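# Close look at the chain arrangement
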Amino acid sequence: MTLLYDFALFCYALLLRLAAPFVPKAAAWVAGRRGLLPRIGAALAAEGAPRVWFHCASLGEFEQGRPLMEAYRRAHPGTKIVLTFFSPSGYAVRKNWPGADYIFYLPLDTRAHARAFLDAVQPQLAVFVKYEFWYHFLAETRRRGVPAVVVSAIFRPEQVFFKPWGGFFRGILGQLSHIFTQNQASADLLRQHGLTRVSVAGDTRFDTVAATALAPPRPLPLVEAFVADGAPVLVVGSAWPEDLPALGPLLRRYAGQIRVLLAPHEITESHLAQIEAVLPGQVLRYSRAEPGTVAGARLLLFDNVGLLSQLYRFGQFAYIGGAFGKGLHNTLEAAAFGLPLFFGPTYGKFQEAVDLVALGCAMPVTTAAELEAAFARLLADEPLRLKMQDQALDYVHQQAGATARIMAALGALTAPR
């Protein structure tokens, strides 16, 4: 089975190289790994301080792991943090994050790469955030006696680990020193399949979003000028083209009554143009806005990255994108500000979305008509909106604390014996 695993990864890397001339993300993935291991070795050669290795697949996992990395830094100021990413989107945005001492791409998971990487990094602890269970890296950490854990993990019965033929993949999980799950169902599922080094710690993202909501707000004078008339504000986060058929009729119907802050998931010219076509003449790109004229638009379109988490404080409602396609994006950033949520039907893999729907703080919809009806009801019923706001805030703050629980367990896991 190991040979098949190695062959599959070889084919994956080959396909990315073939696609690189035509696909920017593939090109970034390939370019980022060119000469990677020598660069890692050279960067760390003169570093004598102890190190801990955090790995995040992409930007979402980074935000999930961020509070844990920050807590580890505070608790162990003499330890250097080595952060790796698999995805170009995560690396590109966070390659200069000051919370880590060294930030690299993760080399492709081969036996030779795992050995060379761990020879260079020599971590005293390896922390994987939510996903990405790489066979050779985990086998090598175990061989060297380096504790390796995964945090904020969530598992479902349909995953490959729990198939009758999934023994090899369960074996990968078995290499971990400990698995910290988001919920009890995941922990129970792992134990049913013989994986006992498990505990329920919760989701560290709650700590991130709660801290963001309580932090002093970042000055955004263009946004403040845009919403200054006091009209209700709908914040649209991580919208995909697949969201527009449901979202477009709502935006057109209420164009004269509400203001819209819209952050697309991907900032491509074609997607920006699609959004502009929804409300012709009433959409203004953030990069072109000026304080004196921004209020003349009805939709402020964010053609940059990094502001979305700050936008929710201006809203009374939020639509979260992705759930008319592959899957829902981050709902917690909006919930942390108490915004009632709307999103599409593909949300069942996200525990927090399931919880928010069950609490009545979020409304999944399947059509444009359903979205319009749900929004109209909430727009007309301020007491209901405020009730949903309080429920969302209570939920976020009750769920916070995973970082402290994991940090306490890591202390015991890494203590000298």
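Residues numbered from 1 in each chain as written. Predicted model: local features only at pLDDT ≥ 70, side-chain atom pairs only at ≥ 80, totals over all residues. Heavy atoms only, no water.

## Notes on the overall build of the protein
We count it as follows: Runs of E in the DSSP output that reach at least two residues are strands. Runs of H or I that reach at least four are helices, and both are numbered from the N terminus. Radius of gyration: C-alpha atoms only; globule rule: 2.2 Å multiplied by the number of residues to the exponent 0.38. Only protein chains enter the area calculation, which uses a 1.4 Å probe; residues under 20% of their type maximum are buried, those over 50% are exposed, and those in between are partly exposed. The contact criterion used throughout is that any non-hydrogen atoms of two residues lie within 4.5 Å. Surface accessibility follows the Shrake-Rupley procedure with a 1.4 Å probe radius. Residue values consider only the protein chains on display as shielding. For the purpose of charge, His is not counted, nor are the chain termini; Lys and Arg are scored as positive and Asp and Glu as negative. Every charge is mapped to an atom, namely NZ of Lys, CZ of Arg, CG of Asp or CD of Glu.
Within the protein, the secondary structure is distributed over 19 helices and 14 strands. Relative to the compact-globule value of 22 Å for 417 residues, the protein shows a C-alpha radius of gyration of 23 Å, a close match. Expressed as lengths along the three principal axes of its C-alpha atoms, the size of the protein is roughly 65 × 45 × 45 Å. Residue burial in the protein is summarised as follows: out of 417 residues, 53% are buried. Looking at the protein alone, contacts between residues at least 24 apart form 66% of all its contacts between residues at least 6 apart. For the protein, the accessible surface area stands at approximately 17900 Å², while carbon and sulfur atoms represent 58% of it. Here the protein holds 39 positive side-chain charges and 32 negative ones, and the gap between their average locations is 7 Å.

## A look at the sheet that holds strand S4 (residues 126-129)
Applied cut-off: The pairing criterion for strands is at least two bridges between them, as found by DSSP. Every angle, taken between N-to-C directions, lies between 0 and 180 degrees, and every axis is a line fitted to C-alpha atoms, over only the stretch in contact when it is a helix.
Spatial strand order, S3-S2-S1-S4-S5-S6-S7: 7 strands in an open sheet with parallel pairing. The open sheet has two edge strands, strand S3 (102-105) and strand S7 (198-200), and neither has a second partner. Neighbour-to-neighbour, the strand axes of this sheet turn through a mean angle of 20°, independent of strand direction. In this sheet, S4 lies alongside strand S1 (residues 51-56) in parallel orientation, the contact comprising 3 bridges. Within the sheet, the bridge partner assigned to Phe 54 lies in S4 and is Val 127.

## Side note on the sheet that holds strand S8 (residues 233-239)
Spatially, S10-S11-S9-S8-S12-S13-S14 is the arrangement adopted by the 7 strands of the open sheet, whose pairing is parallel. The open sheet has two edge strands with one neighbour each: strand S10 (283-285) and strand S14 (362-364). In this sheet, neighbouring strand axes are inclined to one another by 20° on average, regardless of whether the strands run parallel or antiparallel. Direction of pairing for S8 relative to strand S9 (residues 259-264): parallel, over a ladder of 6 bridges. Across the sheet, Val 235 pairs through a bridge with Leu 261, a residue of S9.

## Here we look at the pairing of S4
Note the following rule: By convention, orient the strands away from the viewer: a clockwise path from the first strand over the helix to the second makes the crossover right-handed.
Of the two faces of S4, both are covered, the one formed by Ala 126 and Phe 128 as well as the one formed by Val 127 and Val 129. Sheet topology places S4 next to strand S5 (residues 148-153); 4 bridges connect them, and they run parallel. Among the inter-strand pairings, Val 129 is bridged to a residue of S5, identified as Val 151. For the handedness criterion, the β-α-β arrangement of S4, helix H7 (residues 135-144) and S5 is classed as right-handed.

## Topic: the domain arrangement of the protein
Filter applied, for reference: For the domain bounds, the source is a domain assignment made automatically or taken from a database. In this description, buried area is defined as the sum, over both parts, of the accessible area (probe of 1.4 Å) that is lost when the two are combined. For this document, the term salt bridge refers to a Lys or Arg side-chain nitrogen within 4 Å of an Asp or Glu carboxyl oxygen. As used in this structure description, the phrase polar contact means that two N or O atoms lie within 3.5 Å; if the pair is within protein, one of them must be able to donate a hydrogen and the other to accept it, and residues adjacent in sequence are counted only when both atoms belong to side chains. All residues other than Ala, Val, Leu, Ile, Met, Phe, Trp, Tyr, Cys, Pro, Asp, Glu, Lys and Arg, Gly among them, are scored as polar; the first ten of these are nonpolar and the last four charged.
Here the protein is described as being made up of domain 1 (17-37 + 44-202 + 401-414) and domain 2 (214-399). Each partner contributes to the interface: domain 1 provides 7 residues, whereas domain 2 provides 5 residues. Interface of domain 1 and domain 2: buried area, both sides summed, is about 500 Å²; carbon and sulfur atoms make up 43% of it. It is Ile 154, Arg 156 and Asn 183 in domain 1 that bury the most area against domain 2; as a group they hold 46% of the surface buried on that side. Our count for the domain 1 to domain 2 interface comes out at 1 salt bridge. Between Lys 25 and Glu 266 there is a salt bridge whose closest N-O contact spans 3.7 Å. Between the two partners, domain 1 and domain 2, sit 1 residue pair in polar contact (both at pLDDT 80 or more). Broken down by class, the residue content of the side of domain 1 that touches domain 2 amounts to 1 nonpolar, 3 polar and 3 charged.

## A look at the side chain of Arg 298
Mapped onto the fold, Arg 298 is located in the loop between S10 and strand S11 (299-301). In this structure Arg 298 is buried but unpaired, with Asp 229 as the nearest side chain of opposite charge at 4.2 Å. When sequence neighbours within four positions are dropped, the list of residues in contact with Arg 298 reads Phe 226, Asp 229, Ala 231, Ala 255, Gly 256, Gln 257, Ile 258, Arg 259, Val 260 and Gln 282.

## Section: the UniProt feature "domain: 3-deoxy-D-manno-octulosonic-acid transferase N-terminal" (unreviewed entry) in the protein
The cut-off we apply is this: UniProt positions are given in the numbering used here, feature names are shortened, and annotations may be inferred rather than shown by experiment.
Here, the residues flagged by UniProt with the feature "domain: 3-deoxy-D-manno-octulosonic-acid transferase N-terminal" (unreviewed entry) are residues 39-207. End C-alpha atoms of residues 39-207 are separated by 34 Å, and the span's content is 42% helix alongside 20% strand.

## Observations regarding the pairing of strand S2 (residues 80-85)
For S2, the buried fraction is high: 5 of the 6 residues fall into the buried class. As paired elements, S1 and S2 share 6 bridges and run parallel to each other. What sits directly across from Phe 54, in S2, is Leu 83. Sheet topology places S2 next to S3; 4 bridges connect them, and they run parallel. By the bridge assignment for S3, Phe 85 is matched with Tyr 105. This β-α-β element, S2 to helix H5 (residues 88-94) to S3, shows right-handed connectivity.

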